[in-house]
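Descriptive structure summary
What follows is each chain in one-letter form.
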Amino acid sequence: MKYEPKNIEKKWQKVWEESGIYKNYTRDKKFYTLDMFPYPSGAGLHVGHPKGYIATDVISRFKLLNGYSVLHPMGWDAFGLPAENYAIKNKVHPRIAVEENIATFKKQLEAFGFTYDWDREINTTDPEYYKWTQWIFLKLFEKGLAYESNEPVNWCPSCKTVLSNEDLENGLCERCGSEVEQKPMRQWVLKMTAYADRLLYDLDSPELDWEDSITDQQRNWIGRSEGVTIKFPISNSQEFIEVFTTRVDTIFGCTYCVVAPEHPVIENLKSQILNLKEVEDYVLSANKKTNLERAELQKEKTGIRLEGVEVINPFTQKAVPLFVADYVLGNYGTGAVMAVPAHDERDFEFAKKYDLAIKPAIAVDDALNDQTRKIFEVAKEIAIFAKENKLVAAFDGGIGLDIAMGMITRNHGDIDLQVEKEKLEVWEKYFEDKGFVIKKNPDERFELYVAELESLHIDFGCYIDDVEKLIKNTIENIEFTTFNPIEILKYKKSEAERTKSKRLKDIHDYALFGEGSFVEDGYLINSEKYSGLSSQEAREKMADWLEKEGIGKRKVNYKMRDWVYSRQRYWGEPIPIIHCEKCGAVGVPESDLPVVLPEVENYEPTGTGESPLANIAEWVNTTCPKCGGAGKRETNTMPQWGGSSWYYLRYIDPKNNGALVGKELEKEWMPVDLYVGGAEHATRHLLYARFWHKFLFDIGAVSTIEPFKKLVHVGLIMAEDGRKMSKRWNNVINPDDVIDEFGADAMRLYEMFMGPFTQSVAWSTSGVSGVRRFLEKVYGLRKKVQIQSADNICGAGIFIEVGNGSYLFHERDQFAKIAPGSVAFWGGGREKNETPSQCAIRELNEELGIDVQENDLETIADMTSKNYVDGEFDRFFNLHTYLDINNITVKEGKGYVVMSLGEAVNNPKIDTRTKTLLEIISKGKKNKSLLHKTIKKVTSDIENFRFNTAISQMMILVNAMEKEEKILVADYELLVTILAPFAPHMAEEIWEKLGHEQSIFLQSWPQHDLELMKESEIEIVVQVNGKVRERLMVAADVTEDEIKETALESEKVKVFTEGKEIRKIIFVPEKLINIVI
RNA sequence: GCCCAAAUGGUGGAAUUGGUAUACACGCACGACUCAAAAUCGUGUGGCGCAAGCCAUGAGAGUUCGAGUCUCUCUUUGGGCACCA
């Protein structure tokens, strides 16, 4: 009986594959479940990779059992840098390396027994596949969404190719970690920004049901901001610079302007710039800096003034100096900004360094400033008093918070002061003398609240010393009416950092700016006719004016850039473009697709900005499809993310020669119902794929606006030492070894059991042995359902009519519920030459006096005949569905008596055999309840990706079943069915051993029975003042008054209630009763 | 700096309309079987206390009859973004 997974698993994998059982695509309901297809690396799988695949397989099998047609495909994302780098390193052709790696991966995956339909396997490097990747590019090109650009791009000197923004990690090459340079190069770029708004807004569409963490990341990445562009004319010139700002309301505080080093104005104004040499040197040195350097040096801002050049603020008509500085980005907005040092931290730093004017243009409410000052004055007095009298005290979160509250509510500001309890009297006297009210009264202004504390509050807050400094730095140095943010910033940087108290800094922010500090709105000051307007009103009015005067306009900007789509590498899809001197860039005609990646002797990158393809003259030189003249092929290739941006469509119709996907099939299967993969793709693959899908929707190739309905991200599996699994740490666990030792089912089960699915958890090999033990227990339970050979059982049993009109058949300890209108017969008691039916009729008539006709017995005849086919199990038990016995109708003479189960057991008129039966039934009821609770929980847990708790629940059930002497086959079958998605091999094996001829995956998923879930007795917790004092077992239908009475009489409760007045009793049905005294 | 998520025994983790904190699993300890070991089975396992009981869900407050769960403040960890005007 010992569970030996090895042969069992191989056997069923073969059976499933040959029968194609999960490839039934003709059912009414469809479910498309998709894994992020792997890049087949040389290292093979480690145990972390399959976690997502196991989850989709559990869901697939669950959906199969629920009557769905399930599409669950797998393929290979095999183009790209890593494959090529691996090939170069190991001196094999990438195609050969990829083939070998795929073979390894496939073998590894097959060992898990996944339901993949390998007939639909796709490979992005297959010309029949990338033909359509190229086709999509051509369509983008036709619609003007693929264009050539010479803008500076990210260049990785180690990988010798350009990279998209999405390919960077902290400014480094995501692949090799090299610093990326900014180089202007000719590139193919896809106009992803044209879809920015739709990519953003459709995140809220009902067609999309993703985790917030992923949608938040995408929103962040897209980075939409609304503002205006404003033209600043350059004095003594026809030129102007255009700036972008979201805070036009601060424009009266603009004291200078800045352009990025790349900005063309520098070139255009050469003649006007007096310090041209210096400026050019600066631009040169700035261009040399990598992104990383620019970012790392952000604390120290550099720049240089363009001497002789001034720009005119269109609102004030006053000239301000112009700077070039690399803290302004060339590729965002217009590459130029207006600097408002009073309200922008970066401008402030720069202005400080170069001693530029700082002019406030926004202030918060004067009345609030008055209020703030009063609060600070009170705080100051208290601080001084405490210090002089050597009283230890701390201003709690209160001072900052409540001041902030005062600002926000504009009604009251309190000061919370926490002091030592024993010194309270001193404080009370002081406050009395001062005329403060020492109690909380939120309705009156500026009152003082002294908290009674058990001990000194020391964890946080600011001590008297800090408060004193705070006051000095605010009250004494600041003009409150037009307070100066600079002083605050100074304080914020120095003091807050020194005391390491973020709290203190927040106090300033809150007290003086409200939340958000520099960027917070207020009302305009020093802004001529706009003074007095709120920031919001001013932004509208100023934008209106700008547009009316033609000086500027409203504009939306995105952080997201267009997608740099070409790579200077060999191992990618050739871009299907032919360059012709006469016609320019011309798309390869559709009929000539695919443009096959040619064989090449040396596929190492050249580093020149050309791909190795440029060296193959016979491939490069071709004719222009438009004019027939000489043409040269585009030699750049596509990035790895091209093929993966639409692969989910190809699975639907993988062999279609005429289209990337057939329209009918596409409508039938799309969208992907469930997509599972790593969160690292949030801003790359998932963004690109959504972009392409929307484009394909626009050209009518697909019918949905979003590709992936539900997205779940899989948590990483870390190594046992808590680090990432990596060859470098030598802590990689190979799934092959685990499967070899514990079996695929144990592996599957363990990965689902380790913790919440989306969370990363450390691997534990002893944890695998735990689930293996569980599987063995389930397998071993078969012993308990095995009955004696049918020959040993004789005679018909007793029939009892149960509550709903059906009969319960009882023979020895075996019993079954028979549907109304049918009767059961146990095959063993036949006399010679008697058919089972005849025997049944005879025994029923003779022993029980029940009148039964031959035609009542159809079902039974079939069952009994099978008894003898399989000696180990009795098909008879297949009829056991459930036992629903609350009331029993017992035949008594000619009449019937209805009684409860409990009554029946104690009724002297009931014969011994029946009593035994009833006792078994009452005992079994508890497990019925547990069984059906388990069915319910496993069902909802699978639907909600809570696999760990589903498995826990099954473990609880199995532990309970193990304690039973006998288990009904029907119950066992239910258990095995709900376990089947997790441990399909073992479930199938048990199912076969139980005598079934069809696969368990052709069963239906069981429904839980609410009636059976009910317990007859429940435990009620008795609390006194919220603390548990007693637990009472009571009948499930007990009333509130009854339980109150019982609870109050309990000895344990009396100890606590004796002599006390009971103020209230709270009763929560079926859970608890709380006595409040 | 900004955005998101999290913090519960020795470990992974349970506990969702606020109602029995620590389910399930691992580990550990003891016992049974064994010449012995492994495997298996049984018992125990948050802390303090002889006990009654008290204390415990990162810290501190608040709301409530009752808080792991809700509110506020703070700390720490993980992930993402980062001079985006």
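Before going into details, it helps to say that this report is about the structure given with it. (Residues numbered from 1 in each chain as written. Chains lettered and ligands numbered in written order. Predicted model: local features only at pLDDT ≥ 70, side-chain atom pairs only at ≥ 80, totals over all residues. Heavy atoms only, no water.)

A few words now on the overall build of chain A. A count of helical and extended segments in chain A gives 36 helices and 43 strands. Counting all 1077 residues of chain A, 54% fall into the buried class. Considering only intrachain contacts with a sequence separation of at least 6, the fraction spanning at least 24 residues in chain A is 72%. For chain A, the computed accessible surface area is about 48800 Å², with 48% contributed by carbon and sulfur atoms. (Helix = DSSP H or I, 4+ residues; strand = E, 2+ residues; numbered from the N terminus. Buried < 20%, exposed > 50% of the residue type's maximum accessible area, 1.4 Å probe, protein only. Contact = heavy atoms within 4.5 Å. Areas by Shrake-Rupley, 256 points an atom, 1.4 Å probe, with all protein chains shown as cover.)

The next subject is the side chain of N275. Note on placement: N275 falls in the loop between α8 (265-268) and α9 (276-288). Of note is the side chain of N275, whose polar atom sits 2.8 Å from the backbone oxygen of R305. Ignoring any residue separated from it by four or fewer positions in sequence, one finds N275 in contact with I304, R305, L306 and E307. (Polar contact = N/O pair within 3.5 Å; in protein donor to acceptor, adjacent residues only side chain to side chain.)

Once that is clear, we can look at the sheet that holds strand β15 (residues 256-259). Taken together, four strands build an open sheet; the order of strands is β16-β17-β15-β18 and the sheet is mixed. Whereas interior strands pair on both sides, the edge strands pair on one side only; in this sheet they are β16 (303-312) and β18 (336-339). Each strand axis lies, on average, 30 degrees off the axis of its neighbour in the sheet, ignoring direction. Pairing between β16 and strand β17 (residues 319-325): six bridges, direction antiparallel. Among the inter-strand pairings, G303 is bridged to a residue of β17, identified as A325. Set on the sheet, α9 makes contact with β16 and β17; between it and β16 the angle comes to about 120 degrees. Contacts from helix α11 (residues 345-354) reach β15, β16, β17 and β18, with the element oriented near 105 degrees to β15. (Pairing = 2+ DSSP bridges. Axes fitted to C-alpha atoms, helices over the stretch in contact; angles between N-to-C directions.)

Moving on to the packing of aromatic side chains. All chains considered together, the criterion is met by 46 aromatic pairs. Seen in terms of ring centroids, F62 and W1005 are 4.7 Å apart; in terms of plane orientation they differ by 85 degrees. Their pairing is edge-to-face. Placement of the pair is F62 in helix α2 (residues 50-65) and W1005 in the loop between α33 (984-993) and α34 (1010-1013), with a sequence separation of 943 residues. For the pair formed by F62 and W1005, the shared burial category is buried. Geometrically, the ring pair formed by F252 and F315 is edge-to-face, given 5.9 Å between the ring centres and 65 degrees between the ring planes. Taken together, the positions of F252 in the loop between β14 (240-245) and β15 and F315 in the loop between β16 and β17 put the pair 63 residues apart, joining distant regions of the chain. F315 carries the same exposure label as F252, and that label is buried. Put simply, the rings of F137, F141, W188, Y195, W563, Y565, Y688, F691 and W692 touch in pairs and so form one group of aromatic residues. In this arrangement the basic side chain of R633 is found over the ring face of W619, its NZ or CZ atom lying 5.5 Å from the centre. One residue, R1029, lies across the ring of F1056, its end atom 3.7 Å from the ring centre. (Phe/Tyr/Trp six-rings, centres within 6.5 Å; stacked < 30°, edge-to-face > 60°. Lys NZ or Arg CZ within 6 Å of the ring centre and 35° of its normal.)

RNA strand B sits among 56 residues. The nearest are T246, R346, Q759, R1031 and N1074. Among atoms of RNA strand B positioned within 4 Å of the protein, sugar and phosphate together represent 66%. The contact in question runs from a sugar or linking oxygen of RNA strand B to an N or O atom on the backbone of M754, over 2.7 Å. N948 has a polar side-chain atom sitting 3.0 Å from a phosphate oxygen of RNA strand B. At six residues, helix α31 (residues 947-963) tops the list of elements feeding residues into the surface near RNA strand B. (Near = heavy atom within 4 Å.)

Turning next to the pairing of β14. Side chains on a regular strand alternate between the two faces of the sheet. In this structure, strand β13 (residues 224-233) lies alongside β14, joined through six bridges in antiparallel fashion. Residue pairing in the sheet places K231 in a bridge with E242 of β14. Linking β13 to β14, which pair antiparallel, is a turn of six residues; within it N236 sits at a positive phi near 60 degrees.

Turning our eyes to something else, we now look at the environment of V324. Structurally, V324 can be placed in strand β17. Classification of V324 by relative accessible area gives buried; the value is 0%. The spacing of V324 and L306 is 18 residues in sequence and 7.0 Å in space, taken between C-alpha atoms. Apart from residues lying up to four places away in sequence, V324 is in contact with V258, V259, A260, P261, I266, V279, Y282, V283, G303, I304 and L306.

If you look at the biggest cluster of nonpolar residues, it comprises 171 residues, and the most contacted ones within it are W763 and F982. Excluding anything up to four places from it in sequence, F982 contacts V58, D745, R748, L749, M752, I942, F947, A950, I951 and M954. (Core = buried A, V, L, I, M, F, W, Y, C linked by side-chain atoms within 4.5 Å.)

Another point: the side chain of Q953. Checked against the element boundaries, Q953 lands in helix α31. What Q953 contacts, discounting residues up to four positions off in sequence, is L930, T934 and K937.

A side chain of one charge can pair with a side chain of the opposite charge if their charged atoms are brought near each other. If you walk through the whole model with that rule in mind, you get 43 salt bridges. A salt bridge links E599 to R95, with the shortest nitrogen-to-oxygen separation between them at 2.5 Å. With E599 in the loop between β28 (584-587) and α19 (617-620) and R95 in helix α4 (residues 94-110), this residue pair connects regions lying 504 residues apart in the sequence. By relative accessible area, E599 is classed as partly exposed at 49%. Judged by its relative accessible area of 32%, R95 is partly exposed. Where R186 meets E634, a salt bridge forms, and the shortest distance between an N and an O atom there is 3.1 Å. Here R186 is found in the loop between β10 (181-184) and β11 (187-190), whereas its partner E634 is found in the loop between β30 (630-633) and α20 (647-650), with 448 residues between them in sequence. Under the relative-accessibility criterion, E634 is labelled buried at 0%. Members of the salt-bridge network, linked through shared partners, are E17, K23, D117, D119 and R120. (Salt bridge = Lys/Arg side-chain N within 4 Å of Asp/Glu carboxyl O.)

Another point: the sheet that holds strand β1 (residues 29-35). The parallel open sheet is built from five strands, whose spatial order is β2-β1-β31-β32-β12. The open sheet is flanked by β2 (68-71) and β12 (209-210), the only strands paired with a single partner. The pairing of β1 with strand β31 (residues 672-678) spans three bridges and is parallel. Looking at β31, one finds that L34 is bridged to Y675.

Where helix α32 (residues 969-979) meets α33, the closest approach of the two axes is 8 Å, and the angle between their N-to-C directions is 150 degrees. Considered as vectors, α32 and α33 are oriented roughly antiparallel to each other. By crossing handedness, the relation of α32 to α33 is classed as left-handed. Facing Y972, E973, V976, T977 and L979 of α32, the residues of α33 in contact are M986, A987, I990 and W991. Tallied by class, the residues present in the contact of α32 with α33 amount to seven nonpolar, one polar and one charged. (Parallel < 35°, antiparallel > 145°, perpendicular 65-115°, else oblique. Left-handed = near helix turned anticlockwise from the far one by under 90°. Nonpolar A, V, L, I, M, F, W, Y, C, P; charged D, E, K, R; others polar.)

Right, let's get into the environment of P184. Residue position: P184 is located in strand β10. Here P184 falls in the exposed class, since its relative accessible area comes to 60%. In this structure, P184 is in contact with N150, E151, P152 and V153, ignoring residues within four places of it in sequence.

Let us now look at a negative patch on the surface. There is a patch of like negative charges on the surface, built from D1037, D1041, E1042, E1045 and E1049. Locating D1037 in the fold gives a position in the loop between β41 (1027-1035) and α35 (1040-1049). (Patch = residues over 30% accessible without salt bridge, like charges linked within 9 Å, V, L, I, M, F, W, Y side chains within 5 Å. Lys, Arg positive; Asp, Glu negative; His and termini not counted. Charge placed at Lys NZ, Arg CZ, Asp CG, Glu CD.)

Between its terminal C-alpha atoms helix α22 (residues 685-698) stretches 20 Å, which fits the 20 Å expected from 14 residues at 1.5 Å a residue. Most of α22 sits out of view: twelve of its 14 residues are buried. Taken as a whole, α22 has its buried residues at H685, L686, L687, Y688, A689, R690, F691, W692, H693, K694, F695 and L696. Phi for G700, located one or two positions after α22, is positive at around 80 degrees. (Expected span 1.5 Å × (residues − 1).)

A few words now on helix α5 (residues 127-142). End to end, α5 covers 22 Å across 16 residues, agreeing with the expected 22 Å (1.5 Å per residue, within 8%). Counting buried positions over the 16 residues of α5 gives twelve, a clear majority of the element. Buried residues of α5: Y129, Y130, K131, W132, T133, Q134, W135, I136, F137, L138, K139 and L140, and no others. For α5, the capping residue at the N-terminal end is D126, with a side-chain oxygen 3.0 Å from the backbone nitrogen of E128. Of the residues one or two after α5, G144 is the one with positive phi, at around 75 degrees.

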